[in-house]
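Given next are the chains, with one letter for each unit.
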Amino acid sequence: MSGAFPLLYAADLANRMLPQSSARDDLADFVQAGVLRVLSMQQGDGSFALWPRERGTDAGASLYAAHFLVEARKAAYAVPADRVDAALDWLRARLDRPVITDADPSNEVWSDDQQERAYACFVLALAGRPDHGWNARLREQAARLRYAARVHVASALLLSGEPRQAAEVLGQLGLPVARPRDIGGLLNSEVRDAA
């Protein structure tokens, strides 16, 4: 996914800069192969494994895969609607899981959980299926969320037609703070926050 994701829109740029180039076709083939590879990792419940033919779900990979598939469809690549719908249904069900009640930013488990929910809300809103209840709940907790989670909440609100609430969250954003790289879960890092 990480190889194909930035290429979703690179072909348009290549065509503008080099109109006689065959870059669009080459890149389109590469992206379509990426879509098929991602779909080969989809589980029956709509989630995704880390590798083809592997059983089991990886939540971080599933969020990223759903995001990639939604963006690929928006960029007019062939992505079966039923597979995207299954991934979005999994995201919605993921939001319905029990909430960790310790709303303390120093609690890594709570912070990871809220960041995952914020990313899911962003992807659902990007797909035109916003979860207004979770958007509102995360907006209320924005000051306690990690940087990337706040960006996802603001983006979800904006895509859901709530620009004032998005501006409120962005107004509290500030600059990302230095922190160690996280090699598990959602792969947090200060580089990701800055991006």
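Bear in mind that the values here come from a model prediction, so they are computed numbers and not experimental data. (Residues numbered from 1 in each chain as written. Predicted model: local features only at pLDDT ≥ 70, side-chain atom pairs only at ≥ 80, totals over all residues. Heavy atoms only, no water.)

### Observations regarding the overall build of the protein
The line we're drawing: Labels follow the DSSP assignment, with helices taken as runs of H or I lasting at least four residues and strands as runs of E lasting at least two, numbered in each case from the N terminus. The rule is simple: take the accessible area with a 1.4 Å probe, protein chains only, and divide by the maximum for that residue type; under 20% is buried, over 50% is exposed, in between is partly exposed.
What the protein contains, in helices and strands, is 9 helices and 0 strands. Ordered by position from N to C terminus, the α and β elements of the protein give α-α-α-α-α-α-α-α-α. Residue burial in the protein is summarised as follows: out of 195 residues, 44% are buried.

### Quick notes on the environment of Ala86
Using the following cut-off: Contact criterion: two residues are considered in contact whenever any of their non-hydrogen atoms come within 4.5 Å of each other.
Its location among the elements puts Ala86 in helix 4 (residues 81–95). According to the relative accessible area criterion, Ala86 is partly exposed, its value standing at 24%. With 20 residues separating them along the chain, Ala86 and Ala66 place their C-alpha atoms 9.3 Å apart. Excluding its chain neighbours within four sequence positions, the residues that come into contact with Ala86 are Gln42, Asp45 and Gly46.

### Thoughts on unusual backbone geometry
Residue Arg53 is not a glycine yet carries a positive backbone phi of 60°. Position of Arg53 among the secondary structure elements: in the loop between helix 2 (23–39) and helix 3 (59–74). Look at Ala76: it is not a glycine, yet its phi comes out positive at around 75°. Relative to the helices and strands, Ala76 is located in the loop between helix 3 and helix 4. Exposure remark for Ala76: the relative accessible area of 66% places this residue in the exposed category.

### Section: helix 6 (residues 132–140)
Rules: In this context, the arc is that of the directions from the helix axis out to the C-beta atoms.
Along helix 6, the positions that sit buried rather than exposed are Trp134, Asn135 and Leu138. Seen end-on, helix 6 carries its buried residues on one side only, within an arc spanning 105°. Looking at the buried positions of helix 6, the neighbouring elements they touch are helix 4, helix 5 (108–126) and helix 7 (147–159).

### Section: the pattern of salt bridges
Heads up, the rule is: The salt bridge definition used is simple: a Lys or Arg side-chain nitrogen within 4 Å of an Asp or Glu carboxyl oxygen.
If you walk through the whole model with that rule in mind, you get 10 salt bridges. The partner of Asp113 in a salt bridge is Arg117, with the nearest N and O atoms 2.8 Å apart. Residue Asp113 and its partner Arg117 are located together in helix 5, separated by 4 residues, close to a single helical turn. Like Arg117, Asp113 is buried. Residues joined in a network through salt bridges with shared partners are Arg94, Arg97, Asp113, Glu116 and Arg117.

### Some remarks on the nonpolar core
Heads up, the rule is: Within this scheme, the nonpolar core is defined by two criteria: the residues are buried Ala, Val, Leu, Ile, Met, Phe, Trp, Tyr or Cys, and they are joined through side-chain atoms within 4.5 Å.
Membership of the largest hydrophobic core comes to 48 residues, with the highest contact counts inside it found for Leu8, Val35, Phe68, Leu69, Leu91 and Val123. Sorting the residues of this core by element identifies helix 2, helix 3, helix 4, helix 5, helix 6, helix 7 and helix 8 (163–171) as the ones contributing at least two each. In terms of residues, this core owes the most to one element, helix 5, which gives 10 residues. In contact with Phe68, other than residues within four places in its own chain, are Met1, Ala4, Phe5, Leu8, Val31, Gly34, Val35 and Val38.

### Quick word on the packing of helix 4 against helix 5
What counts, and what does not: Comment: axis = line fitted to C-alpha atoms, over the contacting stretch for helices; angle = value between 0 and 180 degrees taken between N-to-C directions. Roughly parallel means an angle under 35 degrees; roughly antiparallel, over 145; roughly perpendicular, 65 to 115; everything else is oblique. Put simply, a crossing is left-handed when the front helix is turned counterclockwise from the back one by less than a right angle, and right-handed when it is turned clockwise. Residue type decides the class: Asp, Glu, Lys and Arg count as charged, Ala, Val, Leu, Ile, Met, Phe, Trp, Tyr, Cys and Pro as nonpolar, and the leftover types, Gly among them, as polar.
Put simply, helix 4 and helix 5 touch, their axes get as near as 10 Å, and they point 140° apart. With respect to helix 5, the axis of helix 4 lies oblique. For the pair helix 4 and helix 5, the sense of crossing is left-handed. For the pair helix 4 and helix 5, the contacting residues are Leu88, Leu91, Arg92, Arg94 and Leu95 in the first and Glu116, Arg117, Ala120, Cys121, Val123 and Leu124 in the second. Grouping the amino acids of the contact of helix 4 with helix 5 by side-chain chemistry returns 7 nonpolar, no polar and 4 charged.

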